[in-house]
Amino acid sequence: MQDTVEDAHERGAGTERLDRPGRGLAPWARRVAWAAAEAMLCDEDERGELVAPGADVCERAVTALDRSLGQGSPELRRGFSLLAACLELLPLFVIGALGRMSRLPLARRLAYLEALESSRVGLLAVLLLAFKVPLCIPAFEEGEELAMTGLDRESTVARRRLPGLRAAQGPAAKRAEGAA
């Protein structure tokens, strides 16, 4: 039985390692990353109560992390699994909460992440950082979150410098760039 080119491509054969779609997080580690993203990206409403971000924001952040780890080495995936296990199991020692991080209420998760960030033990702050950077960057790359940053404007200097973006936007972007 011979494979067609399409079958081989779907399996990832014959493509570069970084072009292959893949998952890097186990389901339990994905839940940990989702819970961390939800706490990191939550906001307060008018009454001062915590409001979780939309599911699309958390999904975008966790999927980006999952896919980037899927393109990495097996050692990277195992290392990140160890970090996820630490993040999941340390609330007992950091804030005295009985339970795993992903099962804590949003307010307790936020308190836990804030305690990690301000910990005197540098490794705990780095543990949070290992999740914070790869989750927050993709979370603020689209939609309402991008608009909050102010980088969604057509006239933003950074956007004018990106040649790929100019080509994608067409002649109107090039005329606007010439006028600036």
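Structure shown above.
(A) Geometry of the environment of Ala33. Locating Ala33 in the fold gives a position in helix 2 (residues 27-40). Overall, the relative accessible area of 0% leaves Ala33 in the buried class. Distance from Ala33 to Thr63, taken between C-alpha atoms, is 9.7 Å for residues 30 residues apart in sequence. The contact partners of Ala33, leaving out residues within four places of it in the chain, are Leu25, Val62, Leu65, Phe131 and Leu135.

(B) Representation of the side chain of Arg109 in the model. Within the fold, Arg109 resides in helix 6 (residues 106-117). Relative accessible area serves as the criterion here: at 7%, Arg109 is assigned to the buried category. At a separation of 3.0 Å, a polar atom in the side chain of Arg109 contacts the main-chain carbonyl oxygen of Leu104. Not counting chain neighbours up to four residues away, the residues in contact with Arg109 comprise Ala35, Glu38, Ala39, Met101 and Leu104.

(C) The state of the cysteines, seen in detail. A full pass over the atoms with the stated rule returns zero disulfides. A disulfide-free cysteine, Cys42 has its sulfur positioned 9.6 Å from the sulfur of Cys58, the nearest such atom. For Cys42, a relative accessible area of 15% puts it in the buried group.

Criteria and cut-off values
- Residues numbered from 1 in each chain as written.
- Predicted model: local features only at pLDDT ≥ 70, side-chain atom pairs only at ≥ 80, totals over all residues.
- Heavy atoms only, no water.
- Helix = DSSP H or I, 4+ residues; strand = E, 2+ residues; numbered from the N terminus.
- Buried < 20%, exposed > 50% of the residue type's maximum accessible area, 1.4 Å probe, protein only.
- Contact = heavy atoms within 4.5 Å.
- Polar contact = N/O pair within 3.5 Å; in protein donor to acceptor, adjacent residues only side chain to side chain.
- Disulfide = S-S within 2.5 Å.

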